[in-house]
Amino acid sequence: MAPGTPSQLKDALCCPRCGGALADAEGGYRCERCAGGYPLFGSIPCLVEDPALWRTLWLRRLDDYSSSVETRVASMRQEAEAPELLARTSARMLRIAAGFEQQLEAVQTLFEPLDAGSDQVVAAAFPSRPEPGQPAILECYEHLFRDWIWGARECELALGFVEPLVPKDLGRVAVYGAGTGRLAIDIHKSRAPGRTFALDVNPLPYLVADRLLAGETVDLPEFPVDPNADDVVVLARNLARPFPVRDGFSLLFADALRPPLPAGSLDAVVTSWFIDVARADVRQTAAAINRVLRPGGLWVNLGPLRFHSILSRSYTIEEVLELVTGGGFELQSHDRQDLPYFDSPVSGSRRTDTVFRFAARKTADAGAVEIPDALPPWVANPLVPIPITPGLVALGRTSMFTTSVLSMIDGQRSVVDVARELGAAWGADPGRLQDELRAFLARLPT
């Protein structure tokens, strides 16, 4: 079986909803028990619980990203025309703007497997909502260049840290939080398991990796963090896999906390930069890993601990190890090491991460632990009544305010004019509305 192809995967996987066996179906798989359908995007099976919702969420995020890029490029081109700028500064800004346009075109092309057959009329009825900061669609974008262009040393160090803990020639290994797939591919090459499953839910890095595994190259612009010269603010990169990948490696769009893996089917699970960013408590994560491991199976972890949770669940390494041993595991080894992180040759910004490593062997089945849903119940189940939440009320107020304000802006009215008309319509004090209106306009790009 060639890398990335789904042939015979159904014999090793199961339905993530009910655990039923998978059968071949047109364009993917079907559960023989609950009849759930699981499509292929490119050659990657989408084995999340609700593939249709997952796909729609990421396509709307693509819309948000596209809209934000178009707005940003227009603003940058306008700013580049300012007469007081150095010619070098204007040229730099125009190169970055052109790079964003190239990035947008490349990302839209990569997303064609997800976008094929989507209902554009329905999608157009839901306007994009670009938000400040890096768009969700670009999460792990920088990792693509670290893992496939300039970061060979970092990849070797990460593999070298985990390699001694994963025995050679195991039957089935899964890597949770696989990102771009590079560490999972390196483990598959170095430790030679019969099957390696790389699980993640973030589409862009996998859509790139899918093409690389097929022997293609992918052209993407890189935007180094804190570039150390003006000729490297944007770099045209040609991504390609550095070595052939043998049979038995598979990328899966899958939730590692509800994986499409039968109970007791794996010899080892590797968690990479995962346990602190998973949506679950560590004891819940441990229970989910315990379930898929055979008796005596290994859990190997590496990564930092940067929990973003309530204080009682922002664990130290000592607490993590205690939770692991209390979840049906016997600790085999643990230590830590400082590893370089994003030490790019063209960036003036880099860091060193303290990475924690441990290996734990399954000695008993973990007790039943409920894994939290990724989505609210009224989203996961379209038949459940939608509650009136504070967030929904706040959004309604914001939307009403935004719609009313935009309908009155005609190039002639001032803030005072708009506030006076809104005050008359809403029975509100125009003076107070002026403050709200000015704050609203201050947050908009000029």
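Heads up: the structure comes first, above all this text.
The rules behind each value
Residues numbered from 1 in each chain as written. Predicted model: local features only at pLDDT ≥ 70, side-chain atom pairs only at ≥ 80, totals over all residues. Heavy atoms only, no water. Disulfide = S-S within 2.5 Å. Helix = DSSP H or I, 4+ residues; strand = E, 2+ residues; numbered from the N terminus. Buried < 20%, exposed > 50% of the residue type's maximum accessible area, 1.4 Å probe, protein only. Salt bridge = Lys/Arg side-chain N within 4 Å of Asp/Glu carboxyl O. Contact = heavy atoms within 4.5 Å. Pairing = 2+ DSSP bridges. Core = buried A, V, L, I, M, F, W, Y, C linked by side-chain atoms within 4.5 Å.

### Describing the state of the cysteines
In a disulfide, the sulfur atoms of two cysteines are covalently bonded to one another.
Part 1 of the reasoning: Enumeration according to the criterion identifies zero disulfides in this entry.
Part 2 of the reasoning: No disulfide involves cysteine 14; its sulfur sits 7.1 Å from the nearest other cysteine sulfur, which is in cysteine 15.
Part 3 of the reasoning: Sulfur of cysteine 155: no disulfide; nearest cysteine sulfur belongs to cysteine 140 and is 13 Å away.

### Some details on the environment of glutamate 163
Part 1 of the reasoning: Secondary-structure assignment places glutamate 163 in the loop between α6 (152–162) and β5 (172–176).
Part 2 of the reasoning: Residue glutamate 163 is classed as partly exposed on the basis of its relative accessible area, which comes to 24%.
Part 3 of the reasoning: When the C-alpha positions of glutamate 163 and asparagine 381 are compared, they lie 42 Å apart, and in sequence the two are 218 residues distant.

### Digging into the pattern of salt bridges
When their charged atoms lie close together, side chains carrying opposite charge are able to pair.
Part 1 of the reasoning: Counted by the stated rule, this structure contains 22 salt bridges.
Part 2 of the reasoning: Note that lysine 10 and aspartate 24 form a salt bridge whose closest N and O atoms lie 3.2 Å from each other. Pair noted here: lysine 10 is in the segment before β1 (22–25) and aspartate 24 is in strand β1, with a separation of 14 residues, a long-range link.
Part 3 of the reasoning: Note that aspartate 335 is salt-bridged to arginine 357, the shortest N-O span being 2.5 Å. Here aspartate 335 is found in strand β12 (residues 329–341), whereas its partner arginine 357 is found in strand β13 (residues 351–362), with 22 residues between them in sequence.
Part 4 of the reasoning: Salt bridges here are not isolated pairs; linked through shared partners, they connect Glu49, Arg258 and Asp373.

### Focus: the side chain of serine 90
Part 1 of the reasoning: With respect to the secondary-structure elements, serine 90 resides in helix α2 (residues 87–110).
Part 2 of the reasoning: Discounting chain neighbours no more than four positions away, the residues touching serine 90 are Ala80 and Leu85.

### Notes on the pairing of β1
Both faces of the sheet carry side chains from a regular strand, because those side chains alternate between them.
Part 1 of the reasoning: Across four bridges, the pairing between β1 and strand β2 (residues 28–31) is antiparallel. Looking at the pairing, alanine 25 lines up with glycine 28 of β2.
Part 2 of the reasoning: Count of turn residues in the β1/β2 antiparallel hairpin: two residues, of which glycine 27 carries a positive phi of about 75°.

### Concerning the nonpolar core
Part 1 of the reasoning: In terms of nonpolar packing, the biggest core is built from 70 residues, with Phe111, Val162, Val208, Leu220, Leu239 and Val270 touching the most fellow members.
Part 2 of the reasoning: Tallying contributions element by element places helix α1 (residues 51–80) first for this core, with eight residues.
Part 3 of the reasoning: Not counting chain neighbours up to four residues away, the residues in contact with valine 270 comprise Val162, Val166, Val173, Ala174, Val175, Tyr176, Ile187, Val300 and Leu302.
Part 4 of the reasoning: Counting 39 residues, the second largest nonpolar core, distinct from the first, contains Phe274, Ile275, Leu323 and Val324.

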